[in-house]
Amino acid sequence: MYKYPNTRKEAVKDVLHGVELVDNYRWLEDNNSEEVKAWDKAQNDFTKEYTSKLPQNEWLFHKLNENAKYDQVSSLRTLRKSDRIFQSQKKKDEEKWVLYTADNSEAEMRILINPNDWAEDETLAFWVPTQDGTMLAYGVAKGGNEAPVIKIMDIADGNHHSDTVKGWKQYITSWLPDNSGFYYVSNPLKGEVPAGEEFYWRKVYLHKLGTDSSEDIEIFKDDVKETWCSVSLSHDNKYLFYNKGVFYKNAVWIEEFNSGNKMAVSDDFDCEYGVYYFEDKLYIVTNKNAPNRKVFVTSTANPGKENWKELIPEKKFKIDSFAIINGKLYVTYMKNVQTEIRIYELDGTFIKNIALPDTGAASVWGKPDGGTIWVWFSSFTYPGTTFEYNFDSNKLEVFFQPDIKIDYSNMTTKQIWYKSKDGTEIPMFIIHNKDIVLNGNNPTQLYGYGGFNVSLEPGFSTSKALWLQAGGVYVVANLRGGGEFGEEWHRAGMHDKKQNVFDDFIAAAEWLIENKYTCPEKLAVHGGSNGGLLIGAIVTQRPDLMKAALCAVPLLDMIRYHHSSIANIWTEEYGNADNPEQFEYILKYSPYHNVRDNEKYPATMITTGINDARVDPFHARKLTALLQEKNTSDNPIYLLVKDSSGHGGGTTQTIMFKQHAEEMAFVMDQLGMTVPE
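Throughout what follows, the structure given in this document is the object of discussion. (Residues numbered from 1 in each chain as written. Predicted model: local features only at pLDDT ≥ 70, side-chain atom pairs only at ≥ 80, totals over all residues. Heavy atoms only, no water.)

1. What about the overall build of the protein?
Here is step 1: Looking only at helices and strands, the protein features 10 helices and 40 strands.
Here is step 2: For 677 residues, the compact-globule estimate of 2.2 N^0.38 gives 26 Å, and the protein sits close to it at 25 Å.
Here is step 3: For the protein, the spread of C-alpha atoms along the three principal axes comes to 70 × 60 × 50 Å.
Here is step 4: Here the protein, with 677 residues, has 58% of them falling under the buried criterion.
Here is step 5: Nonlocal contacts in the protein, meaning residues at least 24 apart in sequence, comprise 55% of its contacts between residues at least 6 apart.
Here is step 6: With the model as given, the accessible surface of the protein reaches about 27500 Å², and the carbon-plus-sulfur share is 47%.
Here is step 7: Between the centroid of the 73 positive side chains of the protein and the centroid of its 95 negative side chains there is a distance of 3 Å. (Helix = DSSP H or I, 4+ residues; strand = E, 2+ residues; numbered from the N terminus. Rg over C-alpha atoms; globule rule 2.2 N^0.38 Å. Buried < 20%, exposed > 50% of the residue type's maximum accessible area, 1.4 Å probe, protein only. Contact = heavy atoms within 4.5 Å. Areas by Shrake-Rupley, 256 points an atom, 1.4 Å probe, with all protein chains shown as cover. Lys, Arg positive; Asp, Glu negative; His and termini not counted. Charge placed at Lys NZ, Arg CZ, Asp CG, Glu CD.)

2. A short note on the packing of helix α2 (residues 55–67) against helix α10 (residues 653–670)
Here is step 1: Between α2 and α10, the least distance of the axes is 8 Å, while the angle of their chain directions is 140°. Judged by the inter-axis angle, α2 sits oblique to α10. For α2 against α10, the interelement crossing comes out right-handed. Only Thr654, Phe657, Lys658, His660, Ala661, Glu662, Met664, Ala665, Met668 and Asp669 of α10 make contact with α2, whose side of the interface consists of Gln56, Asn57, Trp59, Leu60, Phe61, Leu64 and Asn65.
Here is step 2: Tallied by class, residues from the contact of α2 with α10 come to nine nonpolar, five polar and three charged. (Axes fitted to C-alpha atoms, helices over the stretch in contact; angles between N-to-C directions. Parallel < 35°, antiparallel > 145°, perpendicular 65-115°, else oblique. Left-handed = near helix turned anticlockwise from the far one by under 90°. Nonpolar A, V, L, I, M, F, W, Y, C, P; charged D, E, K, R; others polar.)

3. As for the nonpolar core
One broad rule of soluble globular proteins: the nonpolar side chains tend to lie buried together.
Here is step 1: In terms of nonpolar packing, the biggest core is built from 115 residues, with Tyr418, Met428, Ile430, Leu446, Trp570 and Tyr574 touching the most fellow members.
Here is step 2: In terms of residue count, helix α5 (residues 499–514) provides more of this core than any other element does, nine residues in total.
Here is step 3: Those residues in contact with methionine 428 that sit more than four places away from it in its chain are Lys414, Gln415, Ile416, Tyr418, Leu446, Val475, Val476, Ala477, Asn478, Ala508, Trp511 and Leu512. (Core = buried A, V, L, I, M, F, W, Y, C linked by side-chain atoms within 4.5 Å.)

4. Thoughts on the pairing of strand β6 (residues 98–102)
Here is step 1: In terms of burial, β6 is largely enclosed, as five of its five residues are buried.
Here is step 2: With burial as the criterion, each face of β6 is covered, one bearing Val98, Tyr100 and Ala102 and the other bearing Leu99 and Thr101.
Here is step 3: One ladder, built from five bridges, connects strand β5 (residues 85–90) with β6; its direction is antiparallel. In the strand pairing of β6, serine 88 is matched with leucine 99.
Here is step 4: Two elements, β6 and strand β7 (residues 110–113), share three bridges in a ladder whose sense is antiparallel. Bridge pairing in β7 places tyrosine 100 opposite isoleucine 111. (Pairing = 2+ DSSP bridges.)

5. A look at the sheet that holds strand β30 (residues 395–400)
Here is step 1: Here we have four strands laid out as an open sheet, ordered β27-β28-β29-β30, and antiparallel in their pairing. With one partner strand each, in any of the chains shown, β27 (361–365) and β30 form the two edges of the open sheet. Looking at each pair of strands side by side, their axes are set apart by 30° on average, direction ignored.

6. Concerning helix α3 (residues 462–469)
Here is step 1: Judged by how many residues are buried, α3 sits mostly within the fold: six of eight residues are covered.
Here is step 2: When we look at burial in α3, the residues that qualify are Thr462, Lys464, Ala465, Leu466, Trp467 and Leu468.
Here is step 3: Residues of α3 that are buried in the fold lie against α2, β31 (411–419), β32 (425–433), β33 (444–447), β34 (473–477) and α10.
Here is step 4: Phi turns positive one or two residues past the end of α3, at glycine 471, with a value near 100°.

7. Considering the packing of aromatic side chains
Here is step 1: In total, this model carries 33 aromatic pairs according to the counting rule given.
Here is step 2: With a centroid separation of 5.3 Å and 55° between ring planes, the pair formed by phenylalanine 247 and phenylalanine 452 is classed as tilted. Pair noted here: phenylalanine 247 is in the loop between β16 (239–246) and β17 (249–256) and phenylalanine 452 is in the loop between β33 and α3, with a separation of 205 residues, a long-range link.
Here is step 3: The buried category is assigned to phenylalanine 452, whose relative accessible area is 13%.
Here is step 4: On the numbers, 4.9 Å between centres and 65° between planes, the contact of phenylalanine 485 with tryptophan 489 is edge-to-face.
Here is step 5: Residue classification places phenylalanine 485 among the buried residues on the basis of a relative accessible area of 19%.
Here is step 6: By relative accessible area, tryptophan 489 is classed as buried at 12%.
Here is step 7: Put simply, the rings of Tyr2, Tyr4, Phe46, Tyr50, Tyr638 and Phe666 pair up and form one aromatic cluster.
Here is step 8: The side chain of lysine 244 reaches across the aromatic face of phenylalanine 220, ending 4.7 Å from its centre.
Here is step 9: Here the basic side chain of lysine 262 rests over the ring of tyrosine 242, its NZ or CZ set 4.2 Å away from the ring centre. (Phe/Tyr/Trp six-rings, centres within 6.5 Å; stacked < 30°, edge-to-face > 60°. Lys NZ or Arg CZ within 6 Å of the ring centre and 35° of its normal.)

8. Overview of the packing of α5 against helix α6 (residues 530–541)
Here is step 1: Packing of α5 against α6 leaves a shortest axis separation of 10 Å and a crossing angle of 70°. Compared by their axis directions, α5 and α6 come out roughly perpendicular. Considering only the axes of α5 and α6, their crossing is right-handed. Here α5 contributes Gln499, Val501, Phe502, Phe505 and Ile506 to the contact with α6, which in turn contributes Leu533, Leu534, Ile535, Ala537, Ile538 and Gln541.

9. Things to note about the side chain of glutamate 663
Here is step 1: On the secondary structure map, glutamate 663 appears in helix α10.
Here is step 2: Overall, glutamate 663 belongs to the buried group, its relative accessible area being 8%.
Here is step 3: Contact partners of glutamate 663, with chain neighbours within four places excluded, come to Leu550, Met605, Thr607 and Lys642.

10. Describing the pairing of strand β29 (residues 382–390)
Here is step 1: Relative to β29, strand β28 (residues 374–379) runs antiparallel, the two being bridged by five bridges. From the neighbouring strand, valine 375 faces β29, where its bridge partner is phenylalanine 387.
Here is step 2: The turn linking β28 back onto β29 is made up of two residues.
Here is step 3: What sits between β29 and β30 in their antiparallel hairpin is a turn of four residues, with asparagine 394 showing a positive phi close to 55°.

11. Some remarks on the side chain of threonine 227
Here is step 1: Structurally, threonine 227 can be placed in the loop between β14 (217–221) and β15 (228–233).
Here is step 2: Here the side chain of threonine 227 touches aspartate 222 through a polar contact of 3.4 Å, side chain to side chain.
Here is step 3: Only 2.8 Å separates the side chain of threonine 227 from the backbone oxygen of valine 224, close enough to count as a polar contact.
Here is step 4: Setting aside residues up to four positions removed in sequence, threonine 227 forms contacts with Asp222, Lys244, Gly245 and Val246. (Polar contact = N/O pair within 3.5 Å; in protein donor to acceptor, adjacent residues only side chain to side chain.)

12. Looking at the pattern of salt bridges
Here is step 1: Scanning the entire structure with this criterion turns up 46 salt bridges.
Here is step 2: A salt bridge links lysine 48 to glutamate 662; the nearest nitrogen and oxygen atoms lie 3.0 Å apart. With lysine 48 in helix α1 (residues 34–51) and glutamate 662 in helix α10, this residue pair connects regions lying 614 residues apart in the sequence.
Here is step 3: With relative accessibility at 36%, the residue lysine 48 sits in the partly exposed group.
Here is step 4: Note on glutamate 662: relative accessible area 11%, which makes it buried.
Here is step 5: A salt bridge links lysine 203 to glutamate 218, with the shortest nitrogen-to-oxygen separation between them at 3.2 Å. Of the two residues, lysine 203 sits in strand β13 (residues 203–208) while glutamate 218 sits in strand β14, which places them 15 residues apart along the sequence.
Here is step 6: With a relative accessible area of 39%, glutamate 218 lands in the partly exposed category.
Here is step 7: Through salt bridges with shared partners, one network takes in Asp14, Asp23, Arg26, Glu29, Asp557, Arg560 and Lys622. (Salt bridge = Lys/Arg side-chain N within 4 Å of Asp/Glu carboxyl O.)

Here's what the structure looks like:
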């Protein structure tokens, strides 16, 4: 057995709805405790003593540096009142993206903001130029904490203004047309609201340049703790759009700029409303009585629901995104987890589909009233590529494709459908080398998410390619709870139906085993965030099904999850254990509460970011401690607490490579995968 770091037990008893729950590791919830910090360090030291000796770790880090470092550029951004252009670039050896600008498309680009000159844990969170391109607002965040601080600079000379604004987690939404100020959203500071509620109660302010933040004008605010709000100015400066919502429900108002007359587009918070503006008309994309979404149109003069006219009816497959570009409607559909982009006239007349290079995932963007039309495309075997789209010829011209030094010609993808426990057909992508032998002995990594209406679309990554290069099979299961097939698919995996998600994932693993792709000793499961909850549930419900589990930034104590940071907003997805009916079904699957005595658990690595702004690190700590206590198998239980990391991993390229190498080395080692020659 493994000599884990010592973890003391201190029983805390709760009685919820007549059920007594004993929590021996409640003390690990205190992020500020010196004892907890020392425990984190001891766990990290224990884990790194193992990973540092793995040849797979060294090989992966070397290969990531060799193959995942390449020049990257964004599309060009132009302005409404200026010829100035902007572009984000990252040279292969740079740790962070750099913002460039030029006076016009013919001029040479120069560096405007280079976060590589900042502290290692500081990142550029966003940037918003004025319409005439003379000033720039941008946000600086630290350690992946998702709490940027707004800075203002003059673009010509790089000098900064001394302006500061209210609150924390500051994001600018729009500049005023005359550059005299900007709208921004922020959260209240500690002491302004009850302890812990500083993660909620967002407000929108108007800041005038050169004034003290105490003079900032409150424009809009959350009147319910968990809602979020924003205000933005239309591209032609005619209208302000007010948006307020929670998960899966929102309301929208418009106001003719500076008129003070706010009119409701939809204010009943009954479903999702995406509102798009062009030439005094509003185009509303909604799932109201349409799980796959449809499009309405109305005028800005009469925006209320009673004046809406259906423009594009609901179809078999869901509308994934919507854009108005060059006076046309570009509607992106998700068709069997692959993208189809349809172009319509403003009156809803269908024109044509964009001819994509292959089946995969794509997005399209551009300005409502003219300019370049941009398309991005990727698949599991096609690196993410940015194209310029020619409407007249219906052709894509490569604007930028990364120079990836990996031969992916031997990689192939198949999409299969399998039956879940209740008979529901679930799609799954299987990516492998063309010369695979179905002998039931292939090291296989099964990835899933299954929540929050999020879709797992095809996408290329060098890490997946390296996995295949090492002889592995990579599988993505499109579970219920996601957004692949509209709101009904999502709702089939939330609240009291959450077990469907776990059943779908279990059935995927069983299908791979039955069809000789792999076997339990060669199967690893992987997921993060809500997908970390998925992996925690699979480990506790079916520990016999896999050899290894990688559980990243997870939710695991579902009885107490809603008491930390912003997590109370997720009760819309999971429910709330304070409710007796919801407590009953949550307790049945909460991973932390379903660890059994004398159970043989798979090798498990649980990861968390110390600055995670979404999922509190206590989840990872507590399940690690409990599994280390209860596990009777010969498989190890590891914890990685990542410094300078938030919910999405490290702040620099090198840190992310090191983290990824450690995690994948663990999986390779547990599945018996050696370093390729």
